[in-house]
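Observations on the model geometry
As a plain string of letters, each chain reads:
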Amino acid sequence: MDSNEFRHWSVKAAEWGVDYRSGLRDRPVRPDVEPGSILAALAASPPEEAEPMEDIFADFEATIVPGMTNWQHPRFFAYFPANSAPVSVVAEHLVSSIAAQCMLWQTSPAATELETRMVDWMRQALGLPDGFTGVIQDSASQATLAAVLTMRERALAWQGNKAGLAGQPRLRIYSSDQVHTSIDRAIWVSGIGEDNLVRIPTAGSNRAMVTEALERAVAEDRAAGFLPAGIVASVGGTGVGGTDEIAAVARIAERENLYLHVDAAWAGSAMICPEFRHYWEGVGSADSIVFNPHKWLGAKFDCSIHLIRDPDSLVRTLAIRPDFLKTHGRDGIINYSEWSVPLGRRFRALKLWFLLRAHGLEGLRAMIRNHVSWSRRLAEKLGNEPDFEITSAPMLSLFSFRHVPTGLVDVDGHNLDLVERINRDGRIYLTQTRLDGRAVIRFQVGQFESTEADVDRAFDVIAELARS
Ligand SMILES: *Cc1c(COP(=O)(O)O)cnc(C)c1O
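Residues numbered from 1 in each chain as written. Predicted model: local features only at pLDDT ≥ 70, side-chain atom pairs only at ≥ 80, totals over all residues. Heavy atoms only, no water.

What follows is about the sheet that holds strand E12 (residues 431–435). Spatial ordering of the open sheet is given by E10-E11-E13-E12, a layout of four strands whose pairing is antiparallel. Each edge of the sheet is formed by a strand with only one pairing partner; in this case those strands are strand E10 (388–395) and E12. Each neighbouring strand pair of the sheet contributes to a mean axis angle of 35°, computed without reference to strand direction. Sheet contacts for helix H13 (residues 349–383): E10, strand E11 (398–403) and strand E13 (438–444); angle to E10, the most-contacted strand, approximately 160°. (Pairing = 2+ DSSP bridges. Helix = DSSP H or I, 4+ residues; strand = E, 2+ residues; numbered from the N terminus. Axes fitted to C-alpha atoms, helices over the stretch in contact; angles between N-to-C directions. Contact = heavy atoms within 4.5 Å.)

Further remarks concern the side chain of Gln 178. As for its placement among the helices and strands, Gln 178 is situated in the loop between strand E2 (171–176) and helix H8 (181–189). Each residue touching Gln 178, except ones within four places of it in the same chain, is listed here: Thr 202, Arg 207, Gly 237, Thr 238, Val 240 and Gly 242.

Right, let's talk about the pairing of strand E8 (residues 288–291) for a bit. Here E8 shows no split at all, with Ser 288 and Val 290 on one side and Ile 289 and Phe 291 on the other all buried. Looking at chain direction, strand E7 (residues 259–263) and E8 are connected through three bridges and run parallel. Directly across from Val 262, in E8, lies its bridge partner Ile 289. Bridging between E8 and strand E9 (residues 304–308) involves four bridges; their strand directions are antiparallel. Of the residues in E9, the one forming a bridge with Val 290 is His 306. (Buried < 20%, exposed > 50% of the residue type's maximum accessible area, 1.4 Å probe, protein only.)

Let us now look at the site of the ligand. What surrounds the ligand is a group of 14 residues, the closest being Ala 140, Ser 141, Asp 263, Asn 292 and Lys 295. Here a nitrogen atom of the ligand and a side-chain polar atom of Asp 263 are 2.6 Å apart. His 294 places a polar side-chain atom, nitrogen or oxygen, 3.4 Å from an oxygen atom of the ligand. For the ligand, whose free accessible area comes to 380 Å², the fraction covered by protein is 87%. When residues of the shell around the ligand are traced back to their parent elements, those giving at least two are helix H6 (140–155) and helix H11 (293–297). Broken down by class, the residue content of the shell around the ligand amounts to four nonpolar, eight polar and two charged. (Near = heavy atom within 4 Å. Polar contact = N/O pair within 3.5 Å; in protein donor to acceptor, adjacent residues only side chain to side chain. Areas by Shrake-Rupley, 256 points an atom, 1.4 Å probe, with all protein chains shown as cover. Nonpolar A, V, L, I, M, F, W, Y, C, P; charged D, E, K, R; others polar.)

A word on the pattern of salt bridges. The full count for this structure, using the stated rule, is 32 salt bridges. Residues Glu 92 and Lys 351 are paired through a salt bridge, measuring 3.3 Å at the closest nitrogen-oxygen approach. Within this pair, whereas Glu 92 is found in helix H4 (residues 86–98), its partner Lys 351 is found in helix H13, the two being separated by 259 residues in sequence. Of the two residues, Glu 92 and Lys 351, both sit in the buried class. Measuring nitrogen to oxygen at the nearest pair gives 2.8 Å for the salt bridge that ties Arg 467 to Glu 385. Here Glu 385 lies in the loop between H13 and E10 and Arg 467 lies in helix H15 (residues 452–467), a separation of 82 residues in the sequence. Owing to a relative accessible area of 43%, Arg 467 belongs among the partly exposed residues under this scheme. Salt bridges here are not isolated pairs; linked through shared partners, they connect Glu 92, Lys 300, Asp 302, Arg 346, Arg 348 and Lys 351. (Salt bridge = Lys/Arg side-chain N within 4 Å of Asp/Glu carboxyl O.)

This next bit is on a negative patch on the surface. Residues Asp 2, Glu 5, Glu 51, Glu 54, Asp 55 and Asp 59 make up a contiguous surface patch of negative charge. Considering each element in turn, the negative patch owes the most residues, three residues, to helix H3 (residues 53–64). (Patch = residues over 30% accessible without salt bridge, like charges linked within 9 Å, V, L, I, M, F, W, Y side chains within 5 Å. Lys, Arg positive; Asp, Glu negative; His and termini not counted. Charge placed at Lys NZ, Arg CZ, Asp CG, Glu CD.)

Once that is clear, we can look at the environment of Trp 339. As for its position among the elements, Trp 339 is in the loop between helix H12 (311–318) and H13. Distance in space between the C-alpha atoms of Trp 339 and Asp 436 is 38 Å, their sequence separation being 97 residues. Not counting the four nearest positions on each side in its chain, Trp 339 is found in contact with Thr 133, Gly 134, Val 135, Gln 137, Ile 308, Pro 311, Leu 314, Val 315, Leu 318 and Ile 334.

Counting residues in hydrophobic clusters, the biggest one holds 69 residues, and the most contacted among them are Trp 280, Leu 352, Ile 368 and Leu 396. Counting residues per element, this core draws most heavily on H13, which supplies nine residues. Excluding residues that lie within four positions of it along the chain, Leu 396 makes contacts with Trp 266, Ala 267, Ala 270, Phe 276, Tyr 279, Trp 296, Val 372, Ser 375 and Arg 376. Formed by 25 residues, the second largest nonpolar core is a distinct cluster that contains Met 151, Leu 156, Ile 183 and Ile 187. (Core = buried A, V, L, I, M, F, W, Y, C linked by side-chain atoms within 4.5 Å.)

Scanning the entire structure with this criterion turns up 16 aromatic pairs. Taken together, a centroid distance of 4.6 Å and an interplanar angle of 25° make the contact between Phe 77 and Phe 443 stacked. Taken together, the residues Phe 77 in the loop between H3 and H4 and Phe 443 in strand E13 connect sequence positions 366 residues apart. Among the aromatic residues, those joined into a ring-pair cluster are Trp 9, Trp 16, Tyr 20, Phe 57 and Phe 60. Here the guanidinium or amino end of Arg 172 rests over the ring plane of Phe 226, the centre of that ring lying 3.6 Å away. The ring of Phe 80 carries the charged tip of Arg 442 above its face, separated from the ring centre by 4.9 Å. (Phe/Tyr/Trp six-rings, centres within 6.5 Å; stacked < 30°, edge-to-face > 60°. Lys NZ or Arg CZ within 6 Å of the ring centre and 35° of its normal.)

Spatially, the seven strands line up as an open sheet ordered E1-E9-E8-E7-E6-E2-E3, and their pairing is mixed. Taken across any chain shown, the strands that pair with only one partner, and hence form the sheet edges, are strand E1 (133–137) and strand E3 (197–200). Here the average twist between neighbouring strands, direction ignored, is 20°. Across the sheet, H8 is in contact with E2, E3, strand E6 (227–234) and E7; its angle to E3 comes to roughly 155°.

Tracing the sequence through the fold places His 294 in helix H11. You can call His 294 buried: its relative accessible area is 5%. Contacts of His 294, omitting those with residues within four sequence positions, involve Pro 81, Ala 82, Asn 83, Asp 138, Ser 139, Ala 299, Lys 300, Phe 301, Asp 302, Cys 303 and Ser 304. Polar contacts involving the side chain of His 294 include one to the main-chain amide nitrogen of Cys 303, which spans 2.9 Å.

And the structure:
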C-alpha cells in the first residue's frame, strides 16, 4: 500500500466509522446470527495472491459488520459499557499510525510522560490523596494480577519469583463472594491456588463482605499456620454492584499488615462526581486501586488506571532488567514495562488526554449523573408495575429485576427466556445474573450516547416482550 492508497483507505475507514456510529440506532444491538455462520462465510485458507482493497473492504461490510454486537449502540444495557467516545477514536487513529512501543522512557518519551501526567489527572479527578502514583494497564485483570503478585512477593519477603512457592508458607488472599472472576484468575496464575482464596460472605443491601467474618478468617488462618497476604475489595461488583465497606476493610488490612487492592473497574469512573464517593470512603488507605476509563468514562479500550501507593514493591515484583532494556545515565525516568506483566505496551495515554480535554470533567460528570438518574427512574417505573420485581436497588446506574406474573411456576426459566427473546429482538441488549440462587435480569445505563428516550424505549421493549 503506497502513500496515496494509505490516504484513500484511511479516509474511507474514518468516514465509514462516522457513518457507522451515526447509524447505530437503526441496527440491532446484538446480531441474530447462528453460531458458525460467519466462519462458514470465510475463505478456508489464506490467499496466495494479493487481493484488491475494494474486495477486502466490501467483505468487511458484508460479512463482518452484520455479525458484530454493537457495543457503542445507545441501547446497549448489558454487562458494563465499553465506551469509546468519538474523540478517543480520533486519538487512536493517531496512535495506530505512530505505532510506538511504550515499554521504556527512551522508546517513547512523550508517551511515558503523558502517561505519568494522565494518571495524576485521574487521581485528582477521583479525589484521591497525592500519595498515589500509577500506570495505565491494558485491563483491570492485569492490574489485579500485578496486585496479587505484589501481595505474594511482599508476604514471602520477595522470595517467590526466585524460589517458587514449594516449601513456602501457604498464602491466603481474602475477598467477598461478589468479586469479578479476574480475581480468581489472578489467584490461579500467581500460583497461590484457588483453595487459598478465602471467600468472605456478604450482607446488607450493598452486599459488603462481613468484616467480623474477615477478621475471624484471618485469625483462624494464622492459628492454622497459613500466611495471610492480602485482600481484594470490591466497589461495584459485576453481578449487582456489590460494594465492600472500604474504610473498615482498610483498618483490618492495616492492623493485620495485609496488602489491600480495590477493584472499582466499572464504578471508579463515577467517582469523578463527589456525591458518589461515599461508595468507596476510606479508599485513600488502599495499597492499590484499579478502574477502567475504558468502561464508563469513554476512553476506547484498552485503558485501565492502576493507582499504587508504593510503586517500589510493584517494581520489585515485576521488573526484569536484561542488558538491552537498561537505560543508562538517566535518573528519575520511569520505564512503565517494569510496572506490568507484558513487556510491549501500547500508547494508551493519548486517548485519555483527548477525552478529558474535549469533554472536561464537568461534561463527563453530567453524562454519569444522567445515567444514574435515568437508571433510578427506570427502576422506580418497573417497580411500580405489579408484575415486575426489583431484585437489587440501583448501585449507581446498575440494578436488577425479574418479571413475576401471578401464577407463574418457573420464574427462573421465564426470565432467562425473556432475556433471550429481548436480545434476539435486537432493540435493546440485556444480560442476566444469579442473585441468591435466583435468575435475575441486570440493567445498566452507561452508553456515551444514550438518551433518556433510549431508556424509556427499554421500558417499552421489556414490558412488551415480558407480557407477550
Ligand atoms: C470489567 C470488570 C473487570 C475486568 O476488567 P478487564 O479490564 O476486562 O480486565 C474486573 N472487575 C470488575 C468489577 C469489572 O467490572
